[in-house]
Each structure stands twice: as C-alpha cells, then as structure tokens.
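Listed below are the residues making up each chain.
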Amino acid sequence: MKSCAVYTRVSTSMQAEKEYSSCEAQKDKILMYVKSQEDLEVFKEYSDPGFTASNLERPALKELLRDITEGKIQAVLTYKIDRLTRSSKDFYSLIEFFEKHGVSYISVTERFDTSSASGRLLRNIMLTFAQFEREMTAERIKDKFEQRAQKGMWNGGIPPMGYKSE
C-alpha cells in the first residue's frame, strides 16, 4: 500500500468561506479516486484555503514537503495540476523534489500519473496551459486598471491624502 497525501487549495478567502467550499469538493473527488484504487491509502489531508498558486509560500504545502522528507508519503494527489501550482518553474522544482524522495504525483481529474512517460508529457502540457491562463488573467487585470486610470477612475485602495473617493 502506498501512503498518499491529499492536497487541496483555493486562491481566495471568498472561495474558502463558502458553506461547501471548493477545497471540500476537491477533497471529496480525490477521496473517491483513492477508494477506486487498490494500492492507495490516505496518510493525511493538507489544505491551503485562500492561498495563491503563483508561489510555494503556503503553510500546508510546507508541511506536506516536510512529511515527504521524513518518508511518510509515497504519492501526492490533487484535484487538478493548477491546485498544486500555476508556475512551470515551481512545478518542475516540486516534481524534482518528489522524484528525489520516491514520491509520485497524481492529478485525479486530468488522469495522469508521473510514473509513466505519457503521464509526464500530459503533465507538461497541462502545466503550460495553467501558467498561460495565470499570465492572461494578469494581463487582463492590468489592461482594465489602465483603462480605468485613463478615464480618471480610481482603481481602489486608500485615496491619497487630501483626496476623497467618489
């Protein structure tokens, strides 16, 4: 039996505070996958509600990596690849870390497992699209802020001293 870690994450606190949060929904799907496998058993569930995937500064992820270092985990499962990270650089760093410690990575909805060549190819393709989506979102937000500024509209935050928001 492989001891596996269930990792969930959502970006915003608003997503995390819903009655049936996205983290819970992700966990349920992953646990259904684990039950369908004969060689997996859940060691622990790790969750980072309200944390971005653009970096690795997340408390549950750090705990997961410590447990891997201590040899407690043989597989990491996420709902989708972008729940782990949206950065190609960070993802390859994590995969290298996993491989160093003999840990496989499984994305349950995208149906790939890094223990096979085809799984690694699909992983790379999906990660490229996740990073593309993150960069496109950032560009759209930047463009929207520029348009609002050109129209003389305030983009948020605390108004500078001597000004008031209308």
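Residues numbered from 1 in each chain as written. Predicted model: local features only at pLDDT ≥ 70, side-chain atom pairs only at ≥ 80, totals over all residues. Heavy atoms only, no water.

### A few points about the overall build of the chain
Scanning the chain for helices and strands turns up six helices and five strands. For the chain, the succession of helices and strands along the chain, N to C, is β-α-α-β-α-β-α-α-β-β-α. Oriented by its inertia axes, the alpha-carbon framework of the chain measures out at about 65 × 35 × 25 Å. By residue count, 34% of the 166 residues in the chain fall in the buried class. (Helix = DSSP H or I, 4+ residues; strand = E, 2+ residues; numbered from the N terminus. Buried < 20%, exposed > 50% of the residue type's maximum accessible area, 1.4 Å probe, protein only.)

### Examining the confidence of the model for the chain
On average, residues of the chain score 85 in pLDDT, and 90% of them reach the 70 mark or higher. Taking the mean pLDDT of every element in the chain, the minimum, 56, falls on helix α1 (residues 13–16) and the maximum, 97, on helix α3 (residues 59–69). (pLDDT = per-residue confidence, 0-100.)

### Description of the pairing of strand β1 (residues 2–10)
Taken across its nine residues, β1 has eight buried, putting it largely inside the fold. Pairing of β1 with strand β2 (residues 40–49) involves nine bridges; the strand directions are parallel. Opposite V6, over in β2, you have E45 as the bridge partner. Across four bridges, the pairing between β1 and strand β3 (residues 75–78) is parallel. Residue Y7 lies in a different strand from β3, and its bridge partner there is T78. (Pairing = 2+ DSSP bridges.)

### What to know about the pattern of salt bridges
Scanning all chains against the criterion turns up nine salt bridges. A salt bridge links D82 to R83, with the nearest nitrogen and oxygen atoms 3.1 Å apart. One connected set of salt bridges, linked through shared partners, spans D82, R83, R86 and E133. (Salt bridge = Lys/Arg side-chain N within 4 Å of Asp/Glu carboxyl O.)

### Details of a nonpolar patch on the surface
There is a patch of nonpolar side chains on the surface, built from L121, I125, F129 and F132 and spanning about 430 Å² of accessible area. Within the element layout of this structure, L121 appears in helix α6 (residues 117–150). (Patch = residues over 30% accessible without salt bridge, like charges linked within 9 Å, V, L, I, M, F, W, Y side chains within 5 Å. Areas by Shrake-Rupley, 256 points an atom, 1.4 Å probe, with all protein chains shown as cover.)

### Examining helix α5 (residues 88–100)
A rise of 1.5 Å per residue sets the reference length of α5, with its 13 residues, at 18 Å; its end C-alpha atoms lie 18 Å apart and thus fit the reference within 8%. Of the surrounding elements, those touching the buried residues of α5 are α3, β3, α4 (81–84), β4 (104–107) and α6. Positive phi appears at G102, one or two residues downstream of α5, with a value of about 70 degrees. (Expected span 1.5 Å × (residues − 1). Contact = heavy atoms within 4.5 Å.)

### A closer look at the pairing of β3
Of the two faces of β3, the one lined by A75 and L77 and the one lined by V76 and T78 are each fully buried. For β3 and β4, the ladder comprises four bridges, and the chain directions are parallel. Within β4, the position partnered with T78 by the bridge is S107.

### Some details on the state of the cysteines
Applying the stated criterion across every chain yields a total of zero disulfides. Free cysteine C4: the closest other cysteine sulfur is in C23, separated by 17 Å. The exposure class of C23 is buried, given its relative accessible area of 7%. (Disulfide = S-S within 2.5 Å.)

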